[in-house]
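Observations on chain architecture
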Protein chains: 2
Amino acid sequence: MTVTMKDIARRAGVSRQAVSAALGNSQSSIRVSDETRWRVAQVAQDLGYLPNSAARVMATGKFGCVAMLSSPLGRLSTVTTPFLCGIHDTLNTFDLHLLQAMIPADEAHRAQFVPKFLREYMIDGFLVNYVAEIPPTLKAAFDSRVQPCVWMNVDMPCDAVRPDDYTAARDLTGKLIELGHSRISFVAHHSDHYSVAMRRQGYSDAMLAAGLEPGSIYNVLGSRGWVALGREWLRSDDRPTAVVAYDSFTAKPILFAALMEGLRVPGDLSLATFDVDTAEDMTAGVKIAAMVVPWYSMGKSAVELLVEKIEQPDLSFPCRHISFTFDAGETLGPPR
Amino acid sequence: MTVTMKDIARRAGVSRQAVSAALGNSQSSIRVSDETRWRVAQVAQDLGYLPNSAARVMATGKFGCVAMLSSPLGRLSTVTTPFLCGIHDTLNTFDLHLLQAMIPADEAHRAQFVPKFLREYMIDGFLVNYVAEIPPTLKAAFDSRVQPCVWMNVDMPCDAVRPDDYTAARDLTGKLIELGHSRISFVAHHSDHYSVAMRRQGYSDAMLAAGLEPGSIYNVLGSRGWVALGREWLRSDDRPTAVVAYDSFTAKPILFAALMEGLRVPGDLSLATFDVDTAEDMTAGVKIAAMVVPWYSMGKSAVELLVEKIEQPDLSFPCRHISFTFDAGETLGPPR
DNA sequence: TTGAAAGCGCTAACAT
DNA sequence: ATGTTAGCGCTTTCAA
């Protein structure tokens, strides 16, 4: 049926473990001559041999596999391409592969759901890409597991990786202050996610450090509400000269509202935000200044941390905070 | 070390295969009494038993696993949440798990790259989420594989699944015609992807069938270019009264351009597009009418097709075309 | 109904 | 350096 090392050994006229050593799979100190190695490789190629992963797992006790758990709800999990790339690229360097699990979209199914990788024994460790509202059944399955686990994008003291939202917000606000702005507002939607409070805190601290008065606006209406709210707000005489928006879903309607009100950006209003993948969306033909979430680095760091935990299962590691990068965009300038 | 069925058998005082049967893993005709079944379950629970996936794979010859291959380049692969949900939910119903592989982001690595699931023997079949520009080394690794494979989002005669772009475009254009529009333009960016040609064809056929003159505009400048181009275009006297835009990256700048020019939408201009996940983006506070790509169904159908191919490896199946759904949005109305 | 034994493909600890 | 052997945890077949 399928080609095994036995077949290769027979065809090449060498021993089984010579084949194993020649293919570089065995850890043992067996040496084989270059000629044998070459012949084995040749035969393996001819026969279309592929090592059987399950057999190797059985023999070594290592799965060579890491799982990632995500939610179907966009606000609870990050499934952007750069994030996945960072994870995959880093796993590749350790010759690990990725098993991806997602909670069911349907709520009734979700309550009962436990992914296969938690019901069976098949991974070396796992990544949690799930910031809140984890179903109780699932949480219980987690906690009874012995495999190491790394949390991503949550505020936990150890075994977690997240962006450094506080510093990013402080620095971004600092840049506006340096440009000469003093009426700077922070705008956000309501959310329990730690990053809202952290970005706000970074903004506030930067304002207070410069002797300025922080002022925030929250909105529960979503993007739709921002346009109407933004237009009204920006019409008033004491409107801010600069806005720090929590994310692009907040920033874009504000940009739109400003332009519709006839304000020039950045002439009349400077705008800065977080989390915009600048290449992706240019609805208004303008690139918004942003602290860009380092998704690729996030994925990379999470995997590196997980690998350390797999190698030293009994240790705990402090949370890692990943720095943002700055993209000046086209919406930053001095106040009039 | 880890708990095995042997441990359960000893503790529960029953035979090994009684344990296997009681846990519902074995296919054999062994019957166990309810009492035994209950005691075995109890002991398994107490001991924290988990079946070893690799051992089962070894014994059965089935991996219970499907791989998906994607590209780090957004235009070549779809990694949206609904798509992944459709895939995961459907895999769950077959008790399959998903191994996800992604080509390296770095070009130098990419040329050599062959994912682990193609270098080892570890899956029952795989999904290709890669519409073009597949590196030659990778393509070669594909072609030498015996596992069944399903292509997604490409125009192939068999063993593939894709949205029915032609019908969606024809129907969408038909809706505008029914509203009374006659000057309807199709706008798109340049791309080799089959869907650009198909949507354009659907649009053209609908126009011709109504005795109207089709007219298309292409743009190589990306979203940024559309704003300037769109404003100029919409200022002219013979501007269209309705626009069918290839996707949301085309439609949104046009909406913006129209509003900046003082046109009312849909009073002065109707706008319709494809592929907008309407909940996600409301930059302008307006929901654009759209034929919504059925990503969830795409994932579901792809997995169903793959499962059929796994069960009948020697058969080929015709390509499946998935229907779009229509979201009327707020940008459709009769011409003035 | 229950028990014993073989075997899946590989690795690693032994022998020689 | 090379060959032999046991064993990973499970399923399945064959005997009792």
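Scroll up to find the structure this text is about.
We now turn to the structure provided with this report.

What counts and what doesn't
Residues numbered from 1 in each chain as written. Chains lettered and ligands numbered in written order. Predicted model: local features only at pLDDT ≥ 70, side-chain atom pairs only at ≥ 80, totals over all residues. Heavy atoms only, no water. Helix = DSSP H or I, 4+ residues; strand = E, 2+ residues; numbered from the N terminus. Rg over C-alpha atoms; globule rule 2.2 N^0.38 Å. Buried < 20%, exposed > 50% of the residue type's maximum accessible area, 1.4 Å probe, protein only. Contact = heavy atoms within 4.5 Å. Areas by Shrake-Rupley, 256 points an atom, 1.4 Å probe, with all protein chains shown as cover. Lys, Arg positive; Asp, Glu negative; His and termini not counted. Charge placed at Lys NZ, Arg CZ, Asp CG, Glu CD. 1 Å grid on protein atoms, 1.4 Å probe; cavity = no way out; pocket = protein on both sides within 12 Å on 5 of 7 lines; lining within 4 Å. Points joined across faces, edges and corners; volume = space filled by probe spheres on them. Nonpolar A, V, L, I, M, F, W, Y, C, P; charged D, E, K, R; others polar. Pairing = 2+ DSSP bridges. Right-handed = clockwise from strand over helix to strand, strands pointing away. Near = heavy atom within 4 Å. Polar contact = N/O pair within 3.5 Å; in protein donor to acceptor, adjacent residues only side chain to side chain. Axes fitted to C-alpha atoms, helices over the stretch in contact; angles between N-to-C directions. Salt bridge = Lys/Arg side-chain N within 4 Å of Asp/Glu carboxyl O.

**Some thoughts on the overall build of chain A**
Along its length, chain A carries 13 helices and 12 strands. Relative to the globule expectation of 20 Å for 336 residues, the C-alpha radius of gyration of chain A, 26 Å, shows a markedly less compact shape. Across the 336 residues in chain A, those meeting the buried criterion constitute 54%. Contacts in chain A between residues far apart in sequence, at least 24 positions, make up 73% of those at least 6 positions apart. Total accessible area on chain A is roughly 15000 Å²; 51% of this is exposed by carbon and sulfur atoms. Side-chain charges in chain A split into 32 positive and 37 negative, and the spacing between the mean points of these groups amounts to 6 Å.

**Brief notes about empty space enclosed by the protein**
Tallying each qualifying case throughout the model produces 1 cavity of 30 Å³ or more. Lining the largest cavity are 16 residues, and of these Ser53(A), His97(A), Ser53(B), His97(B) and Met122(B) lie nearest its centre. Every element with two or more residues in the lining of the largest cavity is listed here: α4 (53-60) and β2 (97-102) of chain A together with α4 (53-60) and β2 (97-102) of chain B. When grouped by side-chain class, the residues that make up the lining of the largest cavity number 12 nonpolar, 4 polar and no charged.

**Remarks on the pairing of strand β1 (residues 65-70) of chain A**
Residues and elements named next belong to chain A. Here β1 lies mainly inside the structure; 6 of its 6 residues are buried. Because side chains alternate across β1, one face comprises the buried residues Cys 65, Ala 67 and Leu 69, and the other comprises Val 66, Met 68 and Ser 70, equally buried. Summarising the sheet, β1 and β2 pair through 6 bridges and their orientation is parallel. Its bridge partner lying in β2, Ser 70 is registered against Met 102. For the crossover from β1 across helix α5 (residues 81-93) to β2, the handedness is right-handed. Alignment of β1 against strand β3 (residues 125-129), held across 5 bridges, turns out to be parallel. Paired with Met 68 across the bridge in β3 is Leu 127.

**Examining the protein's contact with DNA strand C**
Looking at DNA strand C, there are 21 residues lining it, with Met5(A), Ser20(A), Tyr49(A), Ser15(B) and Gln17(B) nearest. The separation between a phosphate oxygen of DNA strand C and a polar main-chain atom of Met5(A) is 2.8 Å. At the level of secondary structure, the elements contributing two or more residues to the surface near DNA strand C comprise α2 (16-22) and α4 of chain A together with α4 of chain B. Considering every element that reaches the surface near DNA strand C, the biggest residue donor is α4(A), with 5 residues. When its residues are assigned to classes, the surface near DNA strand C shows 8 nonpolar, 10 polar and 3 charged.

**Concerning the sheet that holds strand β11 (residues 320-322) of chain B**
Adjacent strands of a sheet pair through backbone hydrogen bonds, lying either parallel or antiparallel. Across the sheet, which stays open at both edges, the 12 strands sit in the order β11(A)-β5(A)-β4(A)-β3(A)-β1(A)-β2(A)-β2(B)-β1(B)-β3(B)-β4(B)-β5(B)-β11(B) with mixed pairing between neighbours. Because the sheet does not close on itself, it has two edges, and the strands there are β11 (320-322) of chain A together with β11 of chain B. Sheet twist, expressed as the average angle between the axes of neighbouring strands with direction ignored, equals 25 degrees.

**Observations regarding the pattern of salt bridges**
Any two side chains of opposite charge can pair if their charged atoms end up close together. If you walk through the whole model with that rule in mind, you get 30 salt bridges over all chains. The salt bridge partner of Asp7(A) is Arg10(A), with a shortest N-O separation of 2.9 Å. Here Asp7(A) and its partner Arg10(A) are both found in helix α1 (residues 5-12), 3 residues apart, which amounts to about one turn of the helix. Its relative accessible area of 22% is what places Asp7(A) among the partly exposed residues. On the basis of relative accessible area, Arg10(A) is assigned to the exposed category, the value being 59%. In this structure, the salt-bridge partner of Asp95(B) is Arg119(A), at a minimum N-O distance of 2.9 Å. Taken together, the positions of Asp95(B) in the loop between α5 (81-93) and β2 and Arg119(A) in helix α7 (residues 116-119) put the pair across two chains. Residue Asp95(B) is classed as partly exposed on the basis of its relative accessible area, which comes to 38%. Put simply, Arg231(A), Arg235(A) and Glu261(A) are held in one network by salt bridges that share partners.

By themselves, these are just geometric observations and shouldn't be taken as functional.
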